[in-house]
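The lines below spell out each chain.
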Number of protein chains: 2
Amino acid sequence: MSEPTIYDVAREAGFSIKTVSRVLNGEGGVRPETVARVRAAIEHLDYHPNPAARRLGGGKLPTIGLVVDSLNDPFFGEVIAVVERRAVEMGMDVLVASTGMDAARNQSQIERLVRRGVAGLIVAPFGEGQAARAVLPDKIPVVVIDRQCGIQDKDVVRVTDHEGAHEAVCHLVAHGHRRIAFLGETAEFSTVQDRLAGYSDALLEAGLEVDGQLIETTCWDADAAYPLALAMLAPADAPTAVFASTPLVGLGVLRALKRLDRQDVALVVFGDFPLAELMTPPTTVVDQRPTALAEAAFAHLARRLEDPVAAVVETVLPTRLVQRGSGELPPRGPR
Amino acid sequence: MSEPTIYDVAREAGFSIKTVSRVLNGEGGVRPETVARVRAAIEHLDYHPNPAARRLGGGKLPTIGLVVDSLNDPFFGEVIAVVERRAVEMGMDVLVASTGMDAARNQSQIERLVRRGVAGLIVAPFGEGQAARAVLPDKIPVVVIDRQCGIQDKDVVRVTDHEGAHEAVCHLVAHGHRRIAFLGETAEFSTVQDRLAGYSDALLEAGLEVDGQLIETTCWDADAAYPLALAMLAPADAPTAVFASTPLVGLGVLRALKRLDRQDVALVVFGDFPLAELMTPPTTVVDQRPTALAEAAFAHLARRLEDPVAAVVETVLPTRLVQRGSGELPPRGPR
DNA sequence: AGGGCGCATGACAGCGCTGTCAATACCTCA
DNA sequence: TGAGGTATTGACAGCGCTGTCATGCGCCCT
């Protein structure tokens, strides 16, 4: 009635549990004929090794831990979906943990997962440099996603934040914009800092002034961005285009535009979001391609699970400018 | 260097491991003074019991399994976020599993989680009646969410599908609509069947004819709904209002409306979605309140983990009609 | 023929915890 | 004073698996 154990398999196959264990773990040193018989017994009994027991014997759980900011964020939702699919394909589970933008919680979540005995971790890290690095375990493989945070000795998969922002702003400039606003929280994340740098560089290259009045670096979420966007777009000399450094900030901007009933302000958002194509006008975005990022992260983790001492790699995926309309609006004339 | 074990705590406290175990599990029969000393030792060593070892001793992992259709669906994303937050609050983990609308995978995922030794399961079930019920384990608590699927002997948390659809269609009727379309896949899910029933009942109550031409029951996702919506809205005698039975179907309809450049078709979507307020016009929805649903599901599971023989309850949460504009449009005049 | 070697397999001790049952000390009541 | 409780604690055997080390056997070489 209860789950069969390795003893049942051993009895069924007519060998010792150790031999079964060898077959299970592909250790070799077993006659092919024996392997076949053990396999048959496993099949016959529908045996599945008990992960807890395995772990107890010093091993790791067939489980991957995934630590992200927010589990209902569309970006991370995509990441979760990909990681889960790949993990299940190779017989592993996924434990999820959210940090909710809280460094302490980030740390405690990581520690919890490590204690649980996960075999590897995919983490969207938090903070910067030493602090960010310190909370990552060294005993198991870790792949850092989305934000590099100055971490040097772990595999990292991120996107071209600087180049993506640069391209977006160049795009706006190419469409005639001279006054382009930047909205985003730069204190918290290096990614947003990189995007701000990309923004500034693009302006400078175009021979345009970087106007501090048009740069808002204190809004993280949509609720914070909304009033700031409202205020920024109100004046007579308001910018004719806006670069939103994250989808949430973009949402705040879109709300402000809706509120102001303005469809003439050009907008590019860093990070795609569902229904962007249904906005009026459809929103032009810098696609971070979360699926590709997640695939790469998982591939790195899988590689490192096999070969823990493989060389550390940093993968920087290119972003993709998706022109949908809002980023191609011309500057409106003076009111 | 390595994690402290119960032996370390016992030594530190000056008692046997069994006494430490008693304190850990709140078994009682331990002098308060002893409890305090053990607690102090635990604190001092930063000891955390090894879940794998616990499970091996016949127990369950401090882990909840969550099985949903899709991990990047906004609705389930909300559910995941809530469940994870609550679970962590009570020291538990969350293992996620997606089924991708595949009955076989649904079953294998559930079996996998059960084998892992999760303490309880929250499942969006699949199929109908016997088949749906059969894959649910009986050894551990299970809470069924979103779809009842004819399951009688498990706790269920769902929403008022019939009433919600009924209210939505009545709302459209009240705004003068006489030709109201229904789009959604009814073969797969009883929830959508209930919504269709609510739709039909509302029409009949209003003395309106239920026109099979206006009912499309074969589209599950946005890609399938799009051409069907396009076709349905094209004729001269096209419906003046549409009821979309799921957010994905709603998305397909919105795409079709965008394509046709029509802003005069009334629309109510069953299930809220991000950015609905930013549509033109903003989309009126029947909010399924995923957060409330997830909270209720978790509460049920927690209750049942404490008391496995508690009476089975079915919680039916009311939906909420969120009027944003698209559902309040008047019927357009003849072209 | 005999020593040595490699291959295939098995016996057994943990891993960290909980369940069972025993032991001890201290009371209580007759 | 002694039998029988009660409260507190501990010894020990698993749980299912893997790591270590031992065993048995056939084969090669000298």
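Model, not experiment: these values are computed from the prediction.

1. Comments concerning the domain arrangement of chain A
Each domain of chain A was delimited in the assignment, giving domain 1 (6-49), domain 2 (63-159 + 290-319) and domain 3 (161-288). Of note, the centres of domain 1 of chain A and domain 3 of chain A, computed from C-alpha atoms alone, are 60 Å apart.

2. Description of the protein's contact with DNA strand C
Taken together, 25 residues lie near DNA strand C, and A:Arg22, A:Thr34, B:Ile6, B:Lys18 and B:Tyr47 sit nearest. Within 4 Å of the protein, the atoms of DNA strand C are drawn from sugar and phosphate moieties in a proportion of 64%. Taking A:Thr34, its side chain carries an N or O atom lying 2.5 Å from a phosphate oxygen of DNA strand C. Residue A:Leu56 places a main-chain N or O atom 3.3 Å away from a base oxygen belonging to DNA strand C. Where the surface near DNA strand C is concerned, the elements lending two or more residues are helix H2 (17-24) of chain A together with helix H1 (6-13), helix H2 (17-24) and helix H4 (51-56) of chain B.

3. A short note on the pairing of strand E5 (residues 155-159) of chain B
Residues and elements named next belong to chain B. Where burial is concerned, most of E5 is hidden: five out of the five residues are buried. Of the two faces of E5, the one holding Asp 155, Val 157 and Val 159 and the one holding Val 156 and Arg 158 are both buried throughout. When strand E4 (residues 142-145) meets E5, the two strands line up parallel, connected through three bridges. Note that in E5 the partner of Val 144 across the bridge is Val 156. Pairing of E5 with strand E11 (residues 314-317), which is carried by four bridges, proceeds in the parallel orientation. Bridge pairing links Val 159 to Leu 317 in E11.

4. A closer look at the interface of chain A and chain B
Contact with chain A, which involves 44 residues of that partner, is made by 44 residues of chain B. Taking both partners together, chain A and chain B bury about 4,000 Å²; carbon and sulfur atoms supply 59% of that area. Our enumeration of links across chain A and chain B arrives at eight salt bridges. Among the elements of the structure, helix H4 (51-56), helix H5 (74-89), strand E2 (93-98), helix H6 (103-116) and helix H11 (247-260) of chain A are those that each provide at least two residues to the side of chain A that touches chain B.

5. Looking at helix H12 (residues 290-306) of chain B
Between its first and last C-alpha, H12(B) extends 24 Å over 17 residues, near the 24 Å set by a 1.5 Å rise per residue. For H12(B), every residue scored as buried is listed here: B:Pro290, B:Leu293, B:Ala294, B:Ala296, B:Ala297, B:Phe298, B:His300, B:Leu301 and B:Arg304.

6. Description of the sheet that holds strand E9 (residues 266-270) of chain A
All names here are of chain A. The six strands are arranged E7-E6-E8-E9-E10-E12 in an open sheet whose pairing can be described as mixed. Each edge of the open sheet carries a strand with a single partner, namely strand E7 (215-216) and strand E12 (320-322). Bridging between strand E6 (residues 180-183) and E7 involves two bridges; their strand directions are parallel. For Leu 183, the partnering residue across the bridge sits in E7 and is Glu 216.

7. Quick notes on the pattern of salt bridges
For the structure on display, the rule yields 48 salt bridges over all chains. For A:Arg320, the salt bridge identified is with A:Asp287, shortest N-O distance 2.8 Å. Pair noted here: A:Arg320 is in strand E12 and A:Asp287 is in strand E10 (residues 284-287), with a separation of 33 residues, a long-range link. Here B:Arg304 and B:Asp155 are joined by a salt bridge, their closest N and O atoms 2.5 Å apart. One end of the pair, B:Arg304, is in helix H12; the other, B:Asp155, is in strand E5, and 149 residues separate them in sequence. Taking relative accessible area as the criterion, B:Asp155 reaches 1% and is therefore assigned buried. Taken together, the shared-partner salt bridges in this structure form one network comprising A:Arg133, A:Asp138, A:Asp153 and A:Lys154.

8. Re the protein's contact with DNA strand D
Around DNA strand D sit 25 residues in total, of which A:Ile6, A:Lys18, A:Tyr47, B:Arg22 and B:Thr34 are the nearest. Counting only atoms of DNA strand D within 4 Å of the protein, the sugar-phosphate share comes to 64%. The contact in question runs from a base nitrogen of DNA strand D to an N or O atom on the side chain of A:Lys18, over 2.6 Å. At a separation of 2.2 Å, a phosphate oxygen of DNA strand D approaches a polar side-chain atom of A:Tyr47.

9. With respect to the environment of B:Ser245
All names here are of chain B. Counting through the fold element by element, Ser 245 comes out in the loop between strand E8 (241-244) and helix H11 (247-260). Note on Ser 245: relative accessible area 0%, which makes it buried. Ser 245 sits 203 residues away from Ile 42 along the chain, and the two C-alpha atoms are 53 Å apart. The residues touching Ser 245, leaving out its near neighbours within four places in the chain, are Phe 182, Leu 183, Gly 184, Glu 185, Val 192, Arg 195 and Phe 270. At a separation of 2.9 Å, a polar atom in the side chain of Ser 245 contacts the main-chain carbonyl oxygen of Leu 183.

10. So, the relation of the copies chain A and chain B
The operation relating chain A to chain B is a screw motion whose rotation component is 180 degrees, with 0.0 Å of axial translation and a residual RMSD of 0.1 Å. Put plainly, the chains are arranged around a two-fold axis. Same-surface contact between copies: 100% of interface residues of chain A are shared with the interface of chain B.

11. What about the layout of surface pockets?
Taken as a whole, the second largest pocket encloses approximately 1,200 Å³ of empty space. If you trace the second largest pocket, you find 37 residues lining it, with B:His48, B:Pro49, B:Asn50, B:Pro51 and B:Arg54 closest to the centre. Secondary structure elements with two or more residues in the lining of the second largest pocket: H4 and H6 of chain A together with H1, H2 and H4 of chain B. Along the lines of polarity and charge, the residues of the lining of the second largest pocket split into 17 nonpolar, ten polar and ten charged.

12. What to know about H11(B)
All names here are of chain B. Compared with an ideal rise of 1.5 Å per residue, which puts 14 residues at 20 Å, H11 spans 20 Å between its outermost C-alpha atoms and is within 8% of the ideal. Among all positions of H11, only Val 249, Gly 250, Leu 251, Gly 252, Val 253, Leu 254, Arg 255, Ala 256 and Leu 257 are buried. Structurally, H11 contributes buried residues whose contacts are with strand E6 (180-183), helix H10 (222-233), E8 and strand E9 (266-270). Asp 261 lies just past H11 and shows a positive phi near 55 degrees.

So, how was this worked out
- Residue numbering note: each chain is counted from 1, following its sequence as written.
- Whichever chain is written first is A, and whichever ligand is written first is 1; the rest continue in order.
- Selection of residues for local features in this predicted model requires a pLDDT of at least 70, selection of side-chain atom pairs for listing and counting requires 80 or more, and totals for whole chains, interfaces and linings are taken over all residues.
- Hydrogen atoms and water are omitted, and side-chain values are computed over all heavy atoms in the structure.
- Note: domain ranges come from an automatic or database domain assignment.
- The criterion for a residue being near a molecule or strand is simple. One of its heavy atoms has to lie within 4 Å of it.
- N or O atoms closer than or at 3.5 Å make up a polar contact, with two conditions inside protein: a donor-capable atom paired with an acceptor-capable one, and, for residues adjacent in sequence, both atoms drawn from side chains.
- Under the DSSP-based scheme used, a helix requires at least four consecutive residues in state H or I and a strand at least two consecutive residues in state E, with every element numbered from the N terminus.
- Categorising residues by exposure relies on relative accessible area from a 1.4 Å probe, with only protein chains included: less than 20% of the type maximum marks a residue as buried, more than 50% marks it as exposed, and the intermediate range marks it as partly exposed.
- Pairs of strands are assigned from DSSP output, requiring at least two bridges between the strands.
- Contacts are residue-level and defined by heavy atoms, with any inter-residue pair within 4.5 Å sufficient.
- The buried area of a pairing is the accessible area, by a 1.4 Å probe, that goes missing from both parts when the two are put together, added over both.
- Whenever a carboxyl oxygen of Asp or Glu lies within 4 Å of a side-chain nitrogen of Lys or Arg, that contact is scored as a salt bridge.
- Multiply 1.5 Å by the residue count of a helix minus one, and that product is the helix's expected span.
- Here the copies are superposed with least squares, the fitted atoms being C-alpha atoms of residues at a pLDDT of at least 70 in both.
- Buriedness of a pocket was judged along seven lines, with at least five required to meet protein on both sides within 12 Å; pockets are open sets of points on a 1 Å grid over the protein atoms alone, cavities are sets where a 1.4 Å probe fits but cannot get out, and lining residues have an atom within 4 Å of a point.
- Grid points are joined across faces, edges and corners, and a volume is the space filled by probe spheres set on the points.
- Classification used: nonpolar for Ala, Val, Leu, Ile, Met, Phe, Trp, Tyr, Cys and Pro, charged for Asp, Glu, Lys and Arg, polar for all others including Gly.

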